[in-house]
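Each chain, written out:
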Amino acid sequence: MIHVVGLGLNAKHPGPEAERIIRKAALVGGGRRLLERLDIPVERRLPFTTAADFAARLKTAARACVVADGDPLLFGIGTTLLRYFPAAELTFHPNVSAMQAACARFGLPWHDCRAVSLHGRDDPAPLFAALTHVNLVAAYTGPGSGPGEIARLALHRGVTGWRMHVAEVLGQPAERLATLSLDEAAGRTWQEPNMVLLERMASPSLPLCLGLQGTGLAHQDGLMTKLPVRATALSLLRLEPGGVLWDLGAGSGAVSLEAARLMTSGRIVSVERKPERFEDIRLNIVRTGAWMVEAVLDTVENFLDGASDQNPDRIFLGGGVTSDVLERCRERLAPGGRLVATAVLLSTLDILRHGLERPGWDFAIHQLMHQVSVPLGGICVWCRTIRSFWWKRASRRRELSLVAAFTRVAERNGMKGRQSHVFSTLKGGPAIDVICIVHVDDLGSPENHADEILHEPELARVVLIGHGLAIDIHRV
């Protein structure tokens, strides 16, 4: 049995039980400085070198214990030991962690705090994921990742609404506490070791949720993935915590933002080539507080050539689909990954189909049709939000057959005489180019596809008249 002892903040005074365990151990493992502070005899010391060598030496010892600052199971050596030993062979002795002590110093409840470690790590993704999803973040720091570096990282991402608490040399006579803004923290030097707490002071102006509306997001002339398409794409991506998503041809970044709501950890990169759309993405990140989304101004091709060696396990292709881009995405996608692409044009669909058929990928094509109701003159109006087909403009000579078809269907539904009211209601609105009537029976299946098309500039909108009669209007 190996005892793993947490020493809290003051290793010089470990407590009676910890002292007994350390005294009886033939071999005491831990960091070099910690072993020196405890005055462990050299012949009984096992300084940490590499995890594998350290574990191998422990296995050969008759009576061994391992000591650690704070709590051994909170970003401590306990997690490392569990990779080499069954839990039944380890006895953990907990103690006060630096996170707990720092929260106590600043009077912050820590039951909902998310702890991240930047010590010895150069990936800030865990920090930004925490800033996206919780209101209090504890960051374990280290050389090159102290309070100043953390503040500058956050400011570069555009983070607002947060303040920083810094506890320097916790538990020592020189302990010092500071609460300040990110700008102030970025310009100061700090004594090590230190602990950082980030506290949310203001909520985002737009709550981060699924089904984001275009009215709340910045976008260029409505250039954003439509809500039903987003919902379908996100479900097909099957996003998982800790994953990496590339949103290529991101437009307004709407897919990235909703992905951030679903991914509690991981990394999201939103790539857009046009500067004005890139600025929209950055603005939308600030509005929603989706700090885990990293906006990149670049073409999809250049990004794929110069991206880091961390291959994504999810790719969303919202724009810029070419055969070359698709091939490079296939090369970069991690084994077991998923790629979802949207196609408005048939030519894009053709590129996707041929590009995925050649290497023998399993894929499926989903066609979406979506309508939403709005009130109009006391009746229910269907407004099509996704176009599935493009109709050619019909000549005006089809108008009579259309009206005749409309009248027949209306009579069959007990609506004789109401069609004139409906047509008068529609007059005076913006010009449209195509109208299509479809009758549906009580079971909801097509009974009579009276698909009559005409060019009628005076008609205005999509209308549902009574039970079972749908008029579908959209522009071409």
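About the criteria used
Residues numbered from 1 in each chain as written. Predicted model: local features only at pLDDT ≥ 70, side-chain atom pairs only at ≥ 80, totals over all residues. Heavy atoms only, no water. Helix = DSSP H or I, 4+ residues; strand = E, 2+ residues; numbered from the N terminus. Buried < 20%, exposed > 50% of the residue type's maximum accessible area, 1.4 Å probe, protein only. Contact = heavy atoms within 4.5 Å. Areas by Shrake-Rupley, 256 points an atom, 1.4 Å probe, with all protein chains shown as cover. Pairing = 2+ DSSP bridges. Axes fitted to C-alpha atoms, helices over the stretch in contact; angles between N-to-C directions. Right-handed = clockwise from strand over helix to strand, strands pointing away. Core = buried A, V, L, I, M, F, W, Y, C linked by side-chain atoms within 4.5 Å. Domains from an automatic or database assignment. pLDDT = per-residue confidence, 0-100. Parallel < 35°, antiparallel > 145°, perpendicular 65-115°, else oblique. Left-handed = near helix turned anticlockwise from the far one by under 90°. Nonpolar A, V, L, I, M, F, W, Y, C, P; charged D, E, K, R; others polar. Disulfide = S-S within 2.5 Å.

Observations concerning the overall build of the protein
- Scanning the protein from terminus to terminus reveals 16 helices and 21 strands.
- When burial is assessed residue by residue, the protein has 45% of its 476 residues classed as buried.
- Sequence-distant contacts in the protein: of pairs separated by 6 or more residues, those separated by 24 or more amount to 67%.
- Approximately 23900 Å² of the protein is accessible, and the part contributed by carbon and sulfur atoms is 53%.

Here we look at the sheet that holds strand β2 (residues 27–30)
- Reading across the sheet, the five strands line up as β3-β2-β4-β1-β5 and stay open at both edges, with parallel pairing between neighbours. Of all the strands in the sheet, just β3 (45–47) and β5 (90–93) have a single pairing partner and so form its edges. The mean inter-strand angle of the sheet, taken between neighbouring strand axes irrespective of direction, is 20 degrees.
- Strand direction decides the pairing type here: strand β1 (residues 2–6) and β5, joined by four bridges, are parallel. Its bridge partner being in β5, histidine 3 is matched across the sheet by threonine 91.
- Each of β1, β2, β3 and β4 (64–68) touches helix α3 (residues 51–60); the most contacted strand, β3, lies at about 155 degrees to it.

Focus on helix α13 (residues 323–332)
- Turning to α13, its buried residues are Val325, Leu326, Arg328, Cys329, Arg330 and Arg332.
- On its buried face, α13 sits against β11 (243–248), α12 (300–306), β14 (314–317), β15 (338–341) and α14 (346–357).

Focus: the pairing of strand β12 (residues 266–272)
- Judged by how many residues are buried, β12 sits mostly within the fold: seven of seven residues are covered.
- The alternating pattern of β12 places Gly266, Ile268, Ser270 and Glu272 and Arg267, Val269 and Val271 on opposite faces, both of which are buried.
- Considered for its hand, the β-α-β crossover made up of β11, helix α10 (residues 254–262) and β12 is right-handed.
- Where β12 and strand β13 (residues 293–297) come together, five bridges link them in parallel fashion. Each bridged residue has a counterpart across the sheet, and for glutamate 272 the counterpart in β13 is leucine 297.
- The parallel pair β12 and β13 is bridged by helix α11 (residues 275–288), and the resulting crossover is right-handed.

Some details on the nonpolar core
- Counting residues in hydrophobic clusters, the biggest one holds 52 residues, and the most contacted among them are Leu131, Val137, Met164 and Leu198.
- In terms of domain composition, this core takes at least three residues from each of domain 2 (99–200) and domain 3 (214–368).
- For methionine 164, the residues in contact, after removing those within four places along its chain, are Pro147, Ile150, Ala151, Ala178, Thr179, Leu180, Leu182, Ala185, Val196, Leu197 and Leu198.
- If you look at the next biggest cluster of nonpolar residues, it comprises 19 residues, including Leu248, Val296, Ala307 and Cys329.

Structural notes on unusual backbone geometry
- Going from glutamate 192 to proline 193, the amide bond is cis rather than trans, its omega being -5 degrees.
- By secondary structure assignment, the location of proline 193 is in the loop between α8 (182–186) and β10 (194–200).
- Phi is positive for phenylalanine 75, which is not a glycine, with a value near 50 degrees.
- In this fold, phenylalanine 75 is placed in the loop between β4 and α4 (77–81).
- Even without being glycine, arginine 238 reaches a positive phi, approximately 50 degrees.

Quick notes on the confidence of the model for the protein
- Chain-level statistics for the protein give a pLDDT mean of 81 and a share of 80% at 70 or above.
- Every residue in residues 388–476 scores below 50 in pLDDT, and together they form 163 contacts with partners more than four places removed in sequence or on other chains.

Points about the pairing of strand β8 (residues 162–168)
- Of all seven residues in β8, six are buried; the element is thus mostly enclosed.
- Strand direction decides the pairing type here: β8 and strand β9 (residues 176–181), joined by six bridges, are antiparallel. From the neighbouring strand, methionine 164 faces β9, where its bridge partner is leucine 180.

Some words on the side chain of arginine 314
- Relative to the elements of secondary structure, arginine 314 occurs in strand β14.
- Assessed through its relative accessible area of 9%, arginine 314 is described here as buried.
- Discounting chain neighbours no more than four positions away, the residues touching arginine 314 are Leu237, Arg238, Leu239, Glu240, Val244, Leu245, Trp246, Leu333, Gly336, Gly337 and Arg338.

Focus on the packing of α13 against α14
- Viewed as axis vectors pointing N to C, α13 and α14 meet at an angle of 40 degrees, and their least axial separation amounts to 10 Å. By the criterion of interaxial angle, the relationship of α13 to α14 is oblique. As α13 packs across α14, the resulting crossing turns out to be right-handed. Across from Ser323, Leu326 and Arg330 in α13, the residues of α14 making contact are Ile351, Leu352, Gly355 and Leu356.
- The class makeup of the residues in the contact of α13 with α14 is four nonpolar, two polar and one charged.

Section: the environment of isoleucine 351
- Following the sequence through the fold, isoleucine 351 ends up in helix α14.
- Judged by its relative accessible area of 25%, isoleucine 351 falls in the partly exposed class.
- The spacing of isoleucine 351 and valine 321 is 30 residues in sequence and 7.7 Å in space, taken between C-alpha atoms.
- Contact partners of isoleucine 351, with chain neighbours within four places excluded, come to Val321, Thr322, Ser323 and Leu326.

Some details on the state of the cysteines
- This model, assessed by the stated rule, comprises zero disulfides.
- Free of any disulfide, cysteine 103 has its nearest cysteine sulfur in cysteine 113, 4.8 Å distant.

Side note on the environment of tyrosine 140
- Assignment of secondary structure puts tyrosine 140 in strand β7 (residues 136–140).
- Residue classification places tyrosine 140 among the buried positions, given a relative accessible area of 15%.
- Remark: the alpha-carbon pair of tyrosine 140 and alanine 115, spanning 25 residues in sequence, is separated by 7.6 Å.
- Beyond its immediate stretch of four places on either side in the chain, tyrosine 140 contacts Leu74, Phe75, Ser97, Ala98, Met99, Ala115, Val116, Ser117, Leu118, His119 and Met195.

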